[in-house]
Amino acid sequence: MDYTPLTIETLPARLSSLPALTDRIGPAQAWTVAEVGDGNLNLVFIVSGPLGRIIVKQALPYVRLVGDSWPLPLNRAFFEYNALTRHAARDPGRVPEVFHFDEGQALIVMRCLSPHVILRKSVVQGVMHPMLARHMGVFLARSLFRGSALSLSGGALRKDMALFAANHALADITENLVFSDPYFAAKLNRHTPGLAPFIAPLRADRALRIAAQEAKHAFLSKTETLVHGDLHSGSLMVTAEDTQVIDPEFAIYGPFGFDVGMFIANLLLAFHAQSGHEDSPGARDGCRDWLLGQLAEVWQVFTAEFRHLWQTERTGILYERSLFEDAGDAPGAEAALAGVLAGIWRDAMGFCGVEMHRRILGLAHVEDLEAIPDPARRLRAEARALELGRIIATARPTPGDLGPLARDMDRSIAR
Ligand code: SR1
Ligand code: MG
């Protein structure tokens, strides 16, 4: 059959002969199907049977959020599948298990995560997940280090770069929506009524426009490692004990700092949004403290794990041991590592700042802010996040300065 989108009615008949499903959830006659996709691009079905539940994800030939006026290649399912298998190998247990992939139907069958919830929805409710930063720091270090020239041979790296280079349609979305559209009146942009007085000075800020383009330049040219490419808090599913990284369809070779910066940006957006969700001033202080604590911890865990991999798994074509440890210069390897980590952080801050802006000014917003019921509180939360994003992108604060800076900004405009 040529590619045809599934529906809740057609799914059982079309997938009834797949052992990947029947072995795990039982015969198709007993299935019930719900379409639960709440992302911007795809169909996502939960299929329930007598033995359990499973996820069937299928790409649509267009951007779901916008409609068929914006076509998008189906091959993004191929890149998602390939990224999922690499992530599973590089940080086992941190991504959902894939049971079946059908390239022609752009369809992935995978484990139904339960009782996991989307991190963003949970944080909007003020729920804290104590293991988040630990899991994400390790995931970021392992996936980024093991996907790079620090780990891989030149041949393996370039072959994989060539494979993921074909995911350019998704990269094109990022290049426009994240790095450019927020800084001019792009067609698909939208923003909260009343925010215009905060937007005009932002777009007039030449240093910011340059910083955003520097970040875009880094995204395009630093093909350092396989990045997830869309690591916001809607791409994480959590419980109190577990974190699962989903939806890597934007995977491409890019800078080490990209996923790090996106993740931190979404913590900061959640931080500023808390004021819109608390019943009384200060009621969400615990959640605020937790978010800033996670921000500090994710970088601390990331650097510790990256250092461990640097010392034990540096088998690739960069910073060879023959030039350092084996030549009696172990301190030289430490000095090189410090330089690499400083560069990752600096890039991450550029990506963090623009991600904060595009989630308020661009096409794709975040529930953290959108769900604030009082328009005036939402406006103030967004104004704080915009200004913090501007400072982050242009001044690139140090890891130690970032949390205090966010806290000062949160108090600078009355809640
Ligand atoms: C047109 S797609 C808009 C956004 O949704 C995805 O989740 C990515 O974040 C993309 O930028
Ligand atoms: Mg997604």
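Structure: above.
Below you will find a few notes about this structure. (Residues numbered from 1 in each chain as written. Chains lettered and ligands numbered in written order. Predicted model: local features only at pLDDT ≥ 70, side-chain atom pairs only at ≥ 80, totals over all residues. Heavy atoms only, no water.)

## With respect to the site of ligand 1
Around ligand 1, a shell composed of Asn40, Leu41, Val63, Trp70, Ile173, Leu177, Asp230, His232, Phe250, Arg358, Arg359 and Ala364 is seen. Here arginine 358 contributes a side-chain N or O atom positioned 2.8 Å from an oxygen atom of ligand 1. For ligand 1, an oxygen atom lies 3.4 Å from a polar atom in the side chain of arginine 359. For ligand 1, whose free accessible area comes to 320 Å², the fraction covered by protein is 95%. Here ligand 1 is seated within the largest pocket. At the level of elements, α7 (168–177) and α12 (330–361) are the ones that each hand at least two residues to the shell around ligand 1. Partitioned by chemical class, the residues of the shell around ligand 1 number 7 nonpolar, 2 polar and 3 charged. (Near = heavy atom within 4 Å. Polar contact = N/O pair within 3.5 Å; in protein donor to acceptor, adjacent residues only side chain to side chain. Areas by Shrake-Rupley, 256 points an atom, 1.4 Å probe, with all protein chains shown as cover. 1 Å grid on protein atoms, 1.4 Å probe; cavity = no way out; pocket = protein on both sides within 12 Å on 5 of 7 lines; lining within 4 Å. Sits in = over half its atoms within 2 Å of the grid points. Helix = DSSP H or I, 4+ residues; strand = E, 2+ residues; numbered from the N terminus. Nonpolar A, V, L, I, M, F, W, Y, C, P; charged D, E, K, R; others polar.)

## Section: the pairing of strand β1 (residues 32–35)
Judged from the 4 bridges that link them, β1 and strand β2 (residues 42–49) form a sheet pairing that is antiparallel. When the bridges of β2 are listed, valine 33 appears paired with valine 47. What sits between β1 and β2 in their antiparallel hairpin is a turn of 6 residues. (Pairing = 2+ DSSP bridges.)

## Concerning the sheet that holds strand β11 (residues 243–245)
Pairing between the strands of a sheet is mediated by backbone hydrogen bonds and can be parallel or antiparallel. Overall, antiparallel pairing links the 3 strands, which are arranged β8-β10-β11 in an open sheet. The outermost strands of the open sheet, each flanked by one partner alone, are β8 (117–118) and β11. In this sheet, strand β10 (residues 236–238) lies alongside β8 in antiparallel orientation, the contact comprising 2 bridges. Bridge assignment links isoleucine 118 to a residue of β10, and that residue is methionine 237.

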